[in-house]
Amino acid sequence: MKHKTSKVIMGATLSLAAIAVAIDHTQHKLPEADTVSSEEQQDIMESGTPCGLGAAPCSLGEDDALDD
Amino acid sequence: MTDASVQTPDSHHLESGTVALFVIAIAGLSLVIQNITHVRQAMLFLIGVGFGICLLHAMFGFTGGWRMFIRSRNSTGVRAQIFLLALTSILFFPILGGVFEGTSASGAVSPVGYAVLIGAFLFGIGMQLGGGCGSGTLFTMGQGQVDMLLTLLFFIVGATIGSSHLSWWHELGDVGTISLITSYGWVPALLMTFTGLLILYLLAVFLDKRRNQHLQPVFVPVPREKIIPNLIFGKWPLWWAVLGLAIFNLLTMLTAGHPWSITFAFSLWGTKFWSAIGGDISSWSYWQLSYPDHALNSSVLLDNTSVMDFGLILGAGLAAALAGRFAPAAKMTTNKWAAVIIGGLLLGYGARLAFGCNIGALLAGISSGSVHGWLWLVSAFIGNIVGTRVRVVIGLDKPY
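Residues numbered from 1 in each chain as written. Chains lettered and ligands numbered in written order. Predicted model: local features only at pLDDT ≥ 70, side-chain atom pairs only at ≥ 80, totals over all residues.

So, the overall build of chain A
Consideration 1: Scanning chain A from terminus to terminus reveals 2 helices and 0 strands.
Consideration 2: For chain A, the proportion of contacts with a sequence separation of at least 24, taken over those separated by at least 6, is 0%. (Helix = DSSP H or I, 4+ residues; strand = E, 2+ residues; numbered from the N terminus. Contact = placed C-beta atoms within 7 Å.)

See below:
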């Protein structure tokens, strides 16, 4: 695969990704601007980190568990 | 796009047109994100750009470093990673230990159990087959390596499937979360972490010296007149990346309230896509938990991990263009296709089971004082040994 072909593929991929992000963004109503910093930040701070279970991405929150 | 006549420090040609495109994309996207979400998201995006530049300019890859060590006992990459773990721990432990009142942050603390053990092992195999880890896949894809684009695609698929199976894996059992900071206080926890890292460091040095005549240094000095050109156009010594990654991880912690993570976004993107095309996710209990549910039902631009991943990709692309190395020609064989597809699936599935990848579980876990990070390290390394052997069997590498 030539350098130019790689560039074309990457350019197309990034463009498609941008369109997908735009579509996803328009599908969801954002919280009010003046409440983002307080409510959103509080939610994230209390909920932990990305990669874990439930509470937040990278850790397990004590009030969230996978029960079946 | 034309190449400028400027030569980079390693004699490539600066791609000025591509550089301009990436600068415009980064500046534009950060302004868009700030205006339509919040300035914090724009900051996280730019921190992601910083990560991408650090990773690309130093070619700081966990996968390559581990493969070099497994094949030839060259421990340069491994030692750099140990330094990164140590430096990040120094920065995180006081924060997580509550030294700075008013600073609210959470570490990456997850249960120690079969899910981490098996997930990390699968991830380790995937690292070698797919050609990259979490950070490695993103920055090499950002560089324009088409095979890594394929790895990322199947990484996303694997992570999405993993999220649908997660409850089953967690039923296998665990001993709960074990936080050294919570159990012993941050100072003893830091000393214990340093002891563990020192043991690993000495072991790596011992094995390296036993096989090779000379130990390649991590801390390579850069002549003063080359500092600025190398900083901008690459190529960085590994220790520059160690410093940069640790600093940007600290900025992530202070801005987002949690350590740098990567692969949560992949399962989020995949699940959003699957749901958008009519897939039924009602039985996927993981996405009913608070954080995932919130992310799934919000704009992807509000997800910290996603905006940082976008930044990382574009930052790596910018760095690659500055270095004259964007979108290299690629050679894909049948075996390579199979390896990246299977590798990507294992990476994604394994990361979802194991509470993250080399960044979200290994780096974030150990530097948060979580024992699951150490289990991840051991299990993933064993997976890397298997993956390195498989590469030889299928003809991707010569025997060793």
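So, the overall build of chain B
Consideration 1: From N to C terminus, chain B includes 17 helices and 2 strands.
Consideration 2: Over its C-alpha trace chain B gives a radius of gyration of 20 Å, about what one expects of a compact globule, namely 21 Å for 400 residues.
Consideration 3: Each principal axis of the C-alpha distribution contributes one length, and for chain B these read about 60 × 55 × 50 Å.
Consideration 4: Per-residue burial for chain B yields a buried fraction of 58% across its 400 residues.
Consideration 5: Here the contacts in chain B between residues at least 6 apart in sequence split such that 81% fall between residues at least 24 apart. (Rg over C-alpha atoms; globule rule 2.2 N^0.38 Å. Buried ≥ 20, exposed ≤ 12 C-beta atoms within 10 Å, placed from the backbone.)

Quick word on helix α7 (residues 146–170) of chain B
Consideration 1: Compared with the 36 Å implied by 1.5 Å per residue over 25 residues, the 35 Å span of α7 of chain B between its first and last C-alpha is a close match.
Consideration 2: For α7 of chain B, the buried fraction is high: 20 of the 25 residues fall into the buried class. (Expected span 1.5 Å × (residues − 1).)

Digging into the nonpolar core
Residue and element names in this part refer to chain B.
Consideration 1: Ranked by internal contacts, the top residues of the largest apolar core, which has 135 residues, are Phe45, Phe123, Ala241 and Ala354.
Consideration 2: Ranked by residues supplied to this core, first place goes to helix α2 (residues 39–58) with 13 residues.
Consideration 3: When near neighbours in sequence (up to four residues on either side) are disregarded, Phe123 contacts Leu346, Leu347, Gly350, Ala351, Ala354, Cys357, Ala380 and Gly383. (Core = buried A, V, L, I, M, F, W, Y, C linked by C-beta atoms within 7 Å.)

Here's the deal with helix α1 (residues 16–36) of chain B
Think of an α-helix as turning once every 3.6 residues; residues three or four places apart then point the same way.
All names here are of chain B.
Consideration 1: Here α1 is 21 residues long and its end C-alpha atoms lie 30 Å apart, about the 30 Å a rise of 1.5 Å per residue gives.
Consideration 2: Buried within α1 we find Thr18, Val19, Phe22, Ile26, Leu29, Ser30 and Ile33. All buried residues of α1 fall inside an arc of 105° around its axis, so they share one side. Of the residues in α1, the exposed ones pointing more than 90 degrees away from the buried face are Ala20, Ile24, Ala27, Gly28, Leu31 and Asn35.
Consideration 3: Where the residues of α1 are buried, they touch α2 and α14 (304–322). (Arc of directions from axis to C-beta.)

Describing the packing of α7 of chain B against helix α12 (residues 264–276) of chain B
All names here are of chain B.
Consideration 1: Close contact between α7 and α12 brings their axes to 7 Å; oriented N to C, the two are set at 80°. Here α7 lies roughly perpendicular to α12, going by the angle between them. Counted together, Phe155, Ile156, Val157, Ala159, Thr160, Gly162 and Ser163 of α7 and Phe266, Ser267, Trp269, Gly270, Thr271 and Trp274 of α12 form the full contact between these two elements.
Consideration 2: Grouping the amino acids of the contact of α7 with α12 by side-chain chemistry returns 7 nonpolar, 6 polar and no charged. (Axes fitted to C-alpha atoms, helices over the stretch in contact; angles between N-to-C directions. Parallel < 35°, antiparallel > 145°, perpendicular 65-115°, else oblique. Nonpolar A, V, L, I, M, F, W, Y, C, P; charged D, E, K, R; others polar.)

A few points about the packing of α1 of chain B against α2 of chain B
When two helices pack together, their arrangement is captured by the angle between the axes and the distance separating the axes.
All names here are of chain B.
Consideration 1: Two elements in contact, α1 and α2, have axes whose closest approach is 7 Å; the angle formed by their N-to-C orientations is 155°. Classified by the interaxial angle, the pair formed by α1 and α2 is roughly antiparallel. Seen from α1, the contacting residues are Ile26, Leu29, Ser30, Ile33 and Gln34; seen from α2, they are Val39, Gln41, Ala42, Phe45, Leu46 and Val49.
Consideration 2: Residues of the contact of α1 with α2, tallied by class, amount to 8 nonpolar, 3 polar and no charged.

Section: the confidence of the model for chain B
All names here are of chain B.
Consideration 1: When pLDDT is averaged along chain B, the result is 93; 97% of the residues meet or exceed 70.
Consideration 2: In this model, residues 1–6 is a region of pLDDT below 50 whose contacts with residues beyond four sequence positions or in other chains number 10 contacts.
Consideration 3: Across the predicted assembly, pTM comes out at 0.90 and ipTM at 0.81. (pLDDT = per-residue confidence, 0-100.)

Focus: unusual backbone geometry
The bulk of non-glycine residues show a negative phi, and the bulk of peptide bonds are trans.
Residue and element names in this part refer to chain B.
Consideration 1: Cis geometry marks the peptide bond from Gly234 to Lys235; its omega dihedral reads 10°.
Consideration 2: As for its position among the elements, Lys235 is in the loop between α10 (224–233) and α11 (238–256).
Consideration 3: Positioned with a positive phi, Met59 is a non-glycine residue whose angle comes to about 45°.
Consideration 4: Tracing the sequence through the fold places Met59 in the loop between α2 and α3 (62–72).
Consideration 5: Phi angles above zero are rare outside glycine, and Phe355 is one such case at about 65°.
Consideration 6: Along the chain, the position of Phe355 falls in the loop between α15 (334–353) and α16 (358–366).

Section: the confidence of the model for chain A
All names here are of chain A.
Consideration 1: Confidence along chain A averages 65 in pLDDT terms, with 38% of residues attaining 70 or more.
Consideration 2: Note that pLDDT drops below 50 for residues 34–47; the model gives that stretch 17 contacts with residues more than four away or on any other chain.
Consideration 3: Note that residues 60–68 has pLDDT below 50 and, in this model, 30 contacts with residues that lie over four places away or in other chains.

Structural notes on the environment of Gly244 of chain B
Consideration 1: Turning to its location among the elements, Gly244 of chain B is positioned in helix α11.
Consideration 2: Taking the C-alpha atoms as reference, Gly244 of chain B lies 36 Å from His165 of chain B; in sequence the two are 79 residues apart.

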